[in-house]
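# Close look at the chain arrangement
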Amino acid sequence: MSRRSIEIESFQHANPIPAATRIGPLVVSSITPPTTPGSRDIPDSLEEQIENLFTHVGQMLDGAGATWDDMAKMTFYVTDPAASRPALNGPWLERFPDPVSRPARHNMKVPGGGPAQISCTFVAYVQD
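Report follows, based on the coordinates.

Calculation criteria
- Residues numbered from 1 in each chain as written.
- Predicted model: local features only at pLDDT ≥ 70, side-chain atom pairs only at ≥ 80, totals over all residues.
- Heavy atoms only, no water.
- Patch = residues over 30% accessible without salt bridge, like charges linked within 9 Å, V, L, I, M, F, W, Y side chains within 5 Å.
- Areas by Shrake-Rupley, 256 points an atom, 1.4 Å probe, with all protein chains shown as cover.
- Salt bridge = Lys/Arg side-chain N within 4 Å of Asp/Glu carboxyl O.
- Helix = DSSP H or I, 4+ residues; strand = E, 2+ residues; numbered from the N terminus.
- Buried < 20%, exposed > 50% of the residue type's maximum accessible area, 1.4 Å probe, protein only.
- Pairing = 2+ DSSP bridges.
- Contact = heavy atoms within 4.5 Å.
- Expected span 1.5 Å × (residues − 1).
- Core = buried A, V, L, I, M, F, W, Y, C linked by side-chain atoms within 4.5 Å.
- Axes fitted to C-alpha atoms, helices over the stretch in contact; angles between N-to-C directions.

### Remarks on a nonpolar patch on the surface
There is a patch of nonpolar side chains on the surface, built from Met-1, Ile-23, Leu-26, Val-28, Val-123 and Tyr-125 and spanning about 550 Å² of accessible area. Of all elements in the fold, only strand 3 (26–29) and strand 6 (118–125) reach the threshold of two or more residues within the nonpolar patch. Along the chain, the position of Leu-26 falls in strand 3. By relative accessible area, Leu-26 is classed as partly exposed at 33%.

### Observations regarding the pairing of strand 3
Side chains of strand 3 alternate between two faces, with Val-27 and Ser-29 buried and Leu-26 and Val-28 left unburied. Pairing of strand 2 (residues 20–23) with strand 3, which is carried by four bridges, proceeds in the antiparallel orientation. In the strand pairing of strand 3, Thr-21 is matched with Val-28. In sequence, strand 2 turns back onto strand 3 through a hairpin of two residues, with Gly-24 there showing a positive phi of about 60°. Looking at chain direction, strand 3 and strand 6 are connected through three bridges and run antiparallel. Residue pairing for strand 6: Leu-26 is matched across the bridge by Tyr-125.

### Structural notes on the side chain of Thr-32
Tracing the sequence through the fold places Thr-32 in the loop between strand 3 and helix 1 (46–63). Its relative accessible area of 0% is what places Thr-32 among the buried residues. If we ignore the near neighbours within four places in the chain, the residues touching Thr-32 are Phe-11, Leu-53, His-56, Met-60, Ser-119 and Cys-120.

### Focus: helix 1
Think of an α-helix as 3.6 residues a turn; residues three or four steps apart then line up on the same face. Taking 1.5 Å of rise per residue, the 18 residues of helix 1 would be expected to cover 26 Å, and the 26 Å separating its terminal C-alpha atoms lies within 8% of that figure. Those residues of helix 1 lying buried are Leu-46, Gln-49, Ile-50, Asn-52, Leu-53, Phe-54, His-56, Val-57, Met-60 and Leu-61. Elements that come into contact with the buried residues of helix 1 comprise strand 1 (3–6), strand 2, strand 3, strand 4 (71–78), helix 2 (81–95) and strand 6. Positioned one or two residues after helix 1, Gly-65 has a phi angle of 75°, which is positive.

### Remarks on the nonpolar core
Membership of the largest hydrophobic core comes to 28 residues, with the highest contact counts inside it found for Val-57, Met-60, Met-74, Phe-76, Ile-118 and Phe-122. At the level of secondary structure, the elements contributing two or more residues to this core comprise helix 1, strand 4, helix 2 and strand 6. Here Phe-122 is in contact with Val-27, Val-28, Ser-29, Val-57, Met-60, Leu-61, Met-71, Lys-73 and Met-74, once residues within four sequence places are set aside.

### As for the sheet that holds strand 2
The strand order across the open sheet formed by six strands is 1-2-3-6-4-5, and the pairing between neighbours is mixed. Each having just a single partner strand, strand 1 and strand 5 (104–109) make up the two edges of the open sheet. With direction set aside, neighbouring strand axes in the sheet form an average angle of 15°. Direction of pairing for strand 4 relative to strand 5: parallel, over a ladder of six bridges. Note that in strand 5 the partner of Lys-73 across the bridge is Ala-104. Most of the contacts of helix 1 go to strand 6, to which it runs at about 25°, and overall it touches strand 1, strand 2, strand 3, strand 4 and strand 6.

Structure follows, in structure tokens:
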């Protein structure tokens, strides 16, 4: 199996790392920022930051030949777990409406200090 870097249009890391990597059926993301697609700007609202994350993740899945159905786990790094859980639920249910077929999800509290209130990583498994 060969490893393939996944780059997307909506954001690129400043360091020499890809947005995600696919090796065989496994797709793993690097840290995904809540930046506005095509810029390094971070919106003020948590809801806009979450939508940006889902935009970036959707592009990574597409670039890896995957879909939301291939998602196995998403980890969200949040400055306020109490605020982020309900804010995530709407976009989460849009992508994963079936209660018997949802990926695992975890919110991990991280220190704040900048405008980013949330970021994420994910693991997907693609059955070609």
